[in-house]
Structure formats: C-alpha cells, structure tokens
Amino acid sequence: MKKTMLIILVLAAVVFASCSDADVASANLSRAADQFEVFRRAVFYNGITGEYILTIEGFLSILDEGGQLEVTVKADDGTFLKHFLGLSDNVTYFVEQIEGRPVSEQRYRVVFKPSVIVPDIDLE
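Cut-offs and rules
Residues numbered from 1 in each chain as written. Predicted model: local features only at pLDDT ≥ 70, side-chain atom pairs only at ≥ 80, totals over all residues. Heavy atoms only, no water. Salt bridge = Lys/Arg side-chain N within 4 Å of Asp/Glu carboxyl O. Helix = DSSP H or I, 4+ residues; strand = E, 2+ residues; numbered from the N terminus. Buried < 20%, exposed > 50% of the residue type's maximum accessible area, 1.4 Å probe, protein only. Polar contact = N/O pair within 3.5 Å; in protein donor to acceptor, adjacent residues only side chain to side chain. Contact = heavy atoms within 4.5 Å. Phe/Tyr/Trp six-rings, centres within 6.5 Å; stacked < 30°, edge-to-face > 60°. Pairing = 2+ DSSP bridges. Core = buried A, V, L, I, M, F, W, Y, C linked by side-chain atoms within 4.5 Å.

Novice: In this structure, what is going on with the pattern of salt bridges? I would like to understand it.
Specialist: Side-chain pairs of opposite charge can arise where the charged atoms are in close proximity. The final tally for this structure, using the stated rule, is 3 salt bridges. When the shortest N-O distance is used, the salt bridge between Glu57 and Arg41 registers 2.8 Å. Note that Glu57 is positioned in strand 2 (residues 52-64) and Arg41 in strand 1 (residues 39-46), a separation of 16 residues in sequence. Take Glu57: its relative accessible area is 43%, and that puts it in the partly exposed class. Given the relative accessible area of 24%, Arg41 is considered partly exposed. One salt bridge connects Lys82 with Glu70, and the closest N-O pair in it is separated by 3.4 Å. Residue Lys82 is found in strand 4 (residues 80-86), and its partner Glu70 is found in strand 3 (residues 68-74); the two are separated by 12 residues along the sequence. With relative accessibility at 46%, the residue Lys82 sits in the partly exposed group. Owing to a relative accessible area of 15%, Glu70 belongs among the buried residues under this scheme. If you follow the salt bridges from partner to partner, you end up with Arg41, Glu57 and Glu96 in one network.

Novice: Honestly, the side chain of Asn46 in this entry has me stumped. Any pointers?
Specialist: As for its placement among the helices and strands, Asn46 is situated in strand 1. Here Asn46 falls in the buried class, since its relative accessible area comes to 15%. Reaching out from Asn46, the side chain makes a polar contact with the backbone nitrogen of Thr49 at a distance of 3.1 Å. Discounting chain neighbours no more than four positions away, the residues touching Asn46 are Glu51, Ile53 and Asn90.

Novice: I would appreciate a short explanation of the packing of aromatic side chains in the present structure.
Specialist: The geometry of two aromatic rings is summed up by the distance between their centres and the angle between their planes. Tallying each qualifying case throughout the model produces 4 aromatic pairs. Residues Phe44 and Tyr93 carry aromatic rings whose centres are separated by 5.7 Å and whose planes lie at 35° to one another, so their mutual orientation is tilted. You can see Phe44 sitting in strand 1 and its partner Tyr93 sitting in strand 5 (residues 91-97), a full 49 residues away along the chain. Taking the relative accessible area as the measure of exposure, Tyr93 reaches 23% and is therefore partly exposed.

Novice: What exactly am I supposed to notice about the pairing of strand 4 here?
Specialist: Consecutive side chains of a regular strand alternate in pointing toward one face of the sheet and then the other. Direction of pairing for strand 3 relative to strand 4: antiparallel, over a ladder of 7 bridges. The residue bridging Val71 from the neighbouring strand is His83, located in strand 4. Once strand 3 ends, the chain turns through 5 residues before running back antiparallel as strand 4, passing Gly78 with a positive phi of about 90°.

Novice: Explanation requested: the nonpolar core in the structure shown.
Specialist: Inside soluble globular proteins, nonpolar side chains tend to come together where they are buried. The biggest cluster of nonpolar side chains holds 8 residues, and these are Ala42, Phe44, Ile56, Leu60, Leu69, Val71, Val73 and Leu85. Contributions of two or more residues to this core are made by strand 1, strand 2 and strand 3. In contact with Val73, other than residues within four places in its own chain, are Phe36, Ile56, Phe59, Leu60, Thr79, Phe80, Leu81 and His83.

As structure tokens, this is what we get:
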C-alpha cells in the first residue's frame, strides 16, 4: 500500500513539474471563470459581413461543444441564464477577459464542493 502511494505521488510530481507557470496560471484562470469570478465579454460575429451578431458581458462560464457553444451567465441578482449558440463556417466568436484576476502560477487551485454530492430532488 505504501509503495503504491509513493508511486502515485512520484508520478504526480513528475507530471506537475513539467508544467510551466503559464499553464498553471491559465488553468487557475479557467477554474475561476467557471466559478463565476471572472468578468468577460463574448462577441459572436459573422466572418463574411464582419458584423457583430451578439455580445454577452458578465460573469460567464463557456463550454464549447464543437458546433454549439453553451454560455452560462451569473446575473447581478444571483440568478443564472444559459444561452446556446450555434457556430458555423461564417459565424465565430471570441471571448475577452475584461478585468485582471490574481491567480497563482505555482499552485493549482482545487475547488471541492461537498454540497454537490447530495442532489436536490424535485418531487412531482
């Protein structure tokens, strides 16, 4: 048992030691954005006409599913909105982070939420 734990720790150290500061900071920024802590602007535009189709600003979490983008937004009142956007050959997007965010470039951030282990159950 001790040998197995030692091997796992050594492998983890080797994997994490090969990461650059930029990799760690980027992962921590992504994690902060998924926790709705980063203010962003997402712009969707038509590549042929050059016109903006849609702009979303706020605390965004973005999931790119290939041809479909899912944007979850935390509103000022604490509620959440979810937008689904189809991408095509001539419709694309970019996302910019509006404000800086202090994150560690030396340690990965881990978020543990024990409340998600027990689900909310709706009875109908």
